[in-house]
Amino acid sequence: MLRHLVLTATASLAVLGAAIPAAGAAPLPLLTAPDQLTVIVSETGNTRTDGRYELECGPAGGTHPSAQAACDRLDQLGREGQDPFAPVPADQMCTEQMGGPATARITGTWQGRSVDATFSRANGCEISRWQTMEPVLPNTRS
């Protein structure tokens, strides 16, 4: 009986050892779902940028006209620890300038979490937030 337990334990450790990388070996990659976002843009004054786009990252794809650049920008913001979808804080002081009637909504998943964010160009803070998201959102400056 003891011999059977030792053989079973040894076999189990061998199987477990095969699943764990040896010291100094590269870690196993984590499997994560790719980012998938729907971007709806309207009233930019440019019919080429208004519309609904699908953006996939990891790898870049979808119907977004600048998919790779948009994914690169989101990756950069994530590495910097920024939440590109966070709204302007309610107590934030903003200049009272109007950047035009453009609006956008982004829904989907990013870095494994749900996203549902709206963007506008209604004041200085919102204009800055929009520009931070370019090229995910189109450049509306002439």
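What you see is a predicted model, and the numbers here were worked out from it, not measured in a lab. (Residues numbered from 1 in each chain as written. Predicted model: local features only at pLDDT ≥ 70, side-chain atom pairs only at ≥ 80, totals over all residues. Heavy atoms only, no water.)

Details of the overall build of the protein chain
Put simply, the rule reads: The numbering of helices and of strands both runs from the N terminus, where a helix is a DSSP run of H or I of at least 4 residues and a strand a run of E of at least 2. Summary of the burial criterion: residues with accessible area below 20% of their type's maximum are buried, those above 50% are exposed, and those between are partly exposed, where the area comes from a 1.4 Å probe applied to protein chains only. Here a residue-residue contact requires only that any non-hydrogen atoms of the pair lie within 4.5 Å. Note on areas: these come from Shrake-Rupley sampling with a 1.4 Å probe, and a residue is covered only by the protein chains present in the view.
When its secondary structure is counted, the protein chain shows 3 helices and 5 strands. Traced from its N-terminal end to its C-terminal end, the protein chain shows the element sequence α-β-β-β-α-β-β-α. Within the protein chain, buried positions represent 28% of all 142 residues. Taking the intrachain contacts of the protein chain between residues at least 6 apart in sequence as the baseline, contacts between residues at least 24 apart amount to 51%. For the protein chain, the computed accessible surface area is about 9300 Å², with 58% contributed by carbon and sulfur atoms.

Quick look at the side chain of Thr44
Heads up, the condition is: Within 3.5 Å is the distance limit for a polar contact, defined as a pair of N or O atoms, with the added protein rule that one can donate a hydrogen and the other accept it, and that residues adjacent in sequence qualify only through two side-chain atoms.
On the secondary structure map, Thr44 appears in the loop between β1 (35–42) and β2 (51–57). We classify Thr44 as buried; its relative accessible area is 16%. Among the polar contacts made by the side chain of Thr44, one reaches the side chain of Thr49 at a distance of 2.8 Å. A distance of 2.6 Å separates a polar atom in the side chain of Thr44 from a polar atom in the side chain of Asp50. Aside from chain neighbours lying at most four places away, what touches Thr44 is Thr49, Asp50, Ala102, Pro138 and Thr140.

A short note on the pattern of salt bridges
To keep it simple, the criterion reads: Here a salt bridge means any side-chain nitrogen of Lys or Arg lying within 4 Å of a carboxyl oxygen belonging to Asp or Glu.
Enumeration over the complete set of coordinates arrives at 4 salt bridges. For Arg52, the salt bridge is made with Glu54, and the minimal N-O distance between the two is 3.4 Å. Classification of Arg52 by relative accessible area gives exposed; the value is 56%. According to the relative accessible area criterion, Glu54 is partly exposed, its value standing at 29%.

Quick word on helix α3 (residues 124–132)
Restricting attention to buried positions, one finds in α3 the residues Gly124, Cys125, Glu126, Ile127, Arg129 and Trp130. Those residues of α3 hidden inside the fold are in contact with β1, β4 (103–110) and β5 (113–120). Capping the start of α3, Asn123 holds a side-chain oxygen 3.0 Å from the backbone nitrogen of Cys125, two or three residues further along.

Focus: the pairing of β5
Here is the rule we go by: For two strands to pair, DSSP has to find at least two bridges joining them.
Judged from the 8 bridges that link them, β4 and β5 form a sheet pairing that is antiparallel. Its bridge partner lying in β5, Thr109 is registered against Ser114. Once β4 ends, the chain turns through 2 residues before running back antiparallel as β5, passing Gln111 with a positive phi of about 50°.

Notes on the layout of surface pockets
Let me state the cut-off plainly: Cavity and pocket criteria rest on a 1 Å grid covering protein atoms alone: a 1.4 Å probe that fits but cannot get out defines a cavity, protein on both sides within 12 Å along at least 5 of 7 lines defines an open pocket, and an atom within 4 Å of a point defines a lining residue. Grid points are joined across faces, edges and corners, and a volume is the space filled by probe spheres set on the points. In this count, Pro and Cys sit with the nonpolar residues alongside Ala, Val, Leu, Ile, Met, Phe, Trp and Tyr, while Asp, Glu, Lys and Arg are called charged and the others, Gly among them, polar.
Volume-wise, the largest pocket comes out at about 190 Å³. Together, Gln82, Asp83, Pro84, Ala86, Pro87, Val88, Pro89, Cys125, Ser128, Arg129, Thr132 and Met133 line the largest pocket. Class assignment of the residues belonging to the lining of the largest pocket gives a composition of 7 nonpolar, 3 polar and 2 charged.

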